[in-house]
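Remarks on the overall topology
What follows is the residue order along each chain.
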Amino acid sequence: MQKFFILEGGYLLIGLFILGITLFVSTRPFMPKGAYKKGLTLVTLVLAVLIGAHYTMTTSRMAEVKKAFVQDKVILCESRMLRKAAQSVMIQKSKAWSIQGDLFVSPHYSRPFHAARCIVK
C-alpha cells in the first residue's frame, strides 16, 4: 500500500481537487436535484479506473526494468538534476550500479533513481 501512495500520491491529490470541483459545480442552484450524487459517482469511478490503470502499468514497467537490470541490460532513467545537459542517465549493473528496493544507486551519483521513472533501452 505504501508503494501505491508513493507512486500515485500526486494523482490522488489531483483527483481530490477534481472531486472538489465536481462537488462545487454539482451543488449550484442551477443544477438539477441529485446531480451531485450522479456527478460524484461518475467522476469517482472514472478517476479510480484511471489511477488504478496507471498504477498497474507503472508497477509492470518497474518489474520489467528490474528484470532487465539483473540481466545487465542498459536502463534509461530520467535525470532531474540537470535539465540543460543530459536528461537521462544510462544505468547498467556492470557499471557499478546496484538496486536497493525500487531505487538504483551508484557510488558515482549523489542521488538514487526510482525504477518507476526508468525504461529498458
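Residues numbered from 1 in each chain as written. Predicted model: local features only at pLDDT ≥ 70, side-chain atom pairs only at ≥ 80, totals over all residues. Heavy atoms only, no water.

The next point concerns the sheet that holds strand E3 (residues 98–100). In spatial order, the strands read E3-E4-E5; together these three strands make up an open sheet with antiparallel pairing. What marks the edges here is a single partner per strand, and that holds for E3 and strand E5 (113–114). Both strand E4 (residues 103–105) and E5 contribute to a ladder of two bridges, which runs antiparallel. Pairing of leucine 103 across the sheet is with histidine 114, part of E5. (Pairing = 2+ DSSP bridges. Helix = DSSP H or I, 4+ residues; strand = E, 2+ residues; numbered from the N terminus.)

On to the confidence of the model for the protein chain. Across the protein chain, the average pLDDT comes to 87, with 94% of residues at 70 or higher. For the protein chain, per-element mean pLDDT is lowest for strand E2 (residues 88–91), which scores 84, and highest for helix H2 (residues 35–70), which scores 92. (pLDDT = per-residue confidence, 0-100.)

Ile75, Cys77, Ile91, Trp97, Phe104 and Phe113 are the most contacted members of the largest nonpolar core, which has 15 residues in total. For this core, the secondary structure elements donating two or more residues are H2, strand E1 (75–78) and E2. The dominant element in this core, judged by the number of residues it contributes, is H2, at four residues. Setting aside residues up to four positions removed in sequence, phenylalanine 104 forms contacts with Val65, Phe69, Ile75, Cys77, Ile91, Trp97, Ser98, Ile99, Pro112, Phe113, Ala115 and Cys118. (Core = buried A, V, L, I, M, F, W, Y, C linked by side-chain atoms within 4.5 Å. Buried < 20%, exposed > 50% of the residue type's maximum accessible area, 1.4 Å probe, protein only. Contact = heavy atoms within 4.5 Å.)

This part covers the packing of aromatic side chains. Inspection of every chain in the model, using the stated rule, returns six aromatic pairs. Ring centres 5.1 Å apart and planes at 75° place the aromatic pair phenylalanine 4 and tyrosine 55 in the edge-to-face group. With phenylalanine 4 in helix H1 (residues 2–26) and tyrosine 55 in helix H2, this residue pair connects regions lying 51 residues apart in the sequence. What links up through ring pairs into an aromatic cluster is the set Phe4, Phe5 and Tyr55. (Phe/Tyr/Trp six-rings, centres within 6.5 Å; stacked < 30°, edge-to-face > 60°.)

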